[in-house]
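# Overview (structure and organization)
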Amino acid sequence: MQNGIDLYALDITSASFVQACGGPCTEGCVTLARIGVGVWALGDSKRPDLEPLRFSTEELAVAGIDPARFRLDG
């Protein structure tokens with residue numbers, strides 16, 4: 001929860017995911033979408049059937065993930 005908000009209760013059906021690849025994208029890429037103010041959904045293009053994980057901007061920073069790499073603002 002972030003500030004008392006259940007991130008998994010947020011609707012992401014219209015979220016626009018962007019890929020960032022660390023190498024050749026033939027292996028699959030990490031996908032990221034803004035789903036609210038300071039809230040993100042993180043997916044895996046190799047496993048589109050799995051529900052994306054959700055994180056705050058602070059949690060992404062701790063994991064070393066920068067939304068700017070996806071050309072998204074933090």
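A brief structural summary. (Residues numbered from 1 in each chain as written. Predicted model: local features only at pLDDT ≥ 70, side-chain atom pairs only at ≥ 80, totals over all residues. Heavy atoms only, no water.)

Let us now look at the pairing of strand 3 (residues 39-44). Where burial is concerned, most of strand 3 is hidden: 5 out of the 6 residues are buried. By the bridge criterion, 6 bridges tie strand 2 (residues 30-36) to strand 3 in an arrangement that is antiparallel. Its bridge partner lying in strand 3, Arg34 is registered against Trp40. Here strand 2 folds back onto strand 3, and the loop between the two strands holds 2 residues, one of which, Gly38, carries a positive phi near 70°. Relative to strand 4 (residues 53-56), strand 3 runs antiparallel, the two sharing 4 bridges. The partner of Leu42 across the bridge, within strand 4, is Leu53. (Buried < 20%, exposed > 50% of the residue type's maximum accessible area, 1.4 Å probe, protein only. Helix = DSSP H or I, 4+ residues; strand = E, 2+ residues; numbered from the N terminus. Pairing = 2+ DSSP bridges.)

Ala20, Leu32, Trp40, Leu42, Leu60, Phe70 and Leu72 together form the largest nonpolar core, which totals 7 residues. Formed by 5 residues, the second largest nonpolar core is a distinct cluster that contains Leu7, Ile12, Ile35 and Ala41. (Core = buried A, V, L, I, M, F, W, Y, C linked by side-chain atoms within 4.5 Å.)

This part takes up the environment of Pro67. Summarising the element assignment, Pro67 is placed in the segment after helix 1 (57-62). Once the C-alpha coordinates of Pro67 and Arg34 are considered, the two residues, 33 residues apart in sequence, prove to be 8.9 Å apart.

Another point: the pattern of salt bridges. Following the criterion strictly, the structure yields 2 salt bridges and no others. We note a salt bridge from Glu51 to Arg54, for which the minimum N-O separation is 3.2 Å. (Salt bridge = Lys/Arg side-chain N within 4 Å of Asp/Glu carboxyl O.)

Attention shifts here to the sheet that holds strand 2. Working definition: the strands of a sheet are paired by backbone hydrogen bonds and lie parallel or antiparallel to each other. Overall, antiparallel pairing links the 4 strands, which are arranged 1-2-3-4 in an open sheet. Each having just a single partner strand, strand 1 (18-20) and strand 4 make up the two edges of the open sheet. Between one strand axis and the next, the sheet turns through 35° on average, direction left out of account. With 3 bridges joining them, strand 1 and strand 2 adopt antiparallel strand pairing. Each bridged residue has a counterpart across the sheet, and for Val18 the counterpart in strand 2 is Leu32. (Axes fitted to C-alpha atoms, helices over the stretch in contact; angles between N-to-C directions.)

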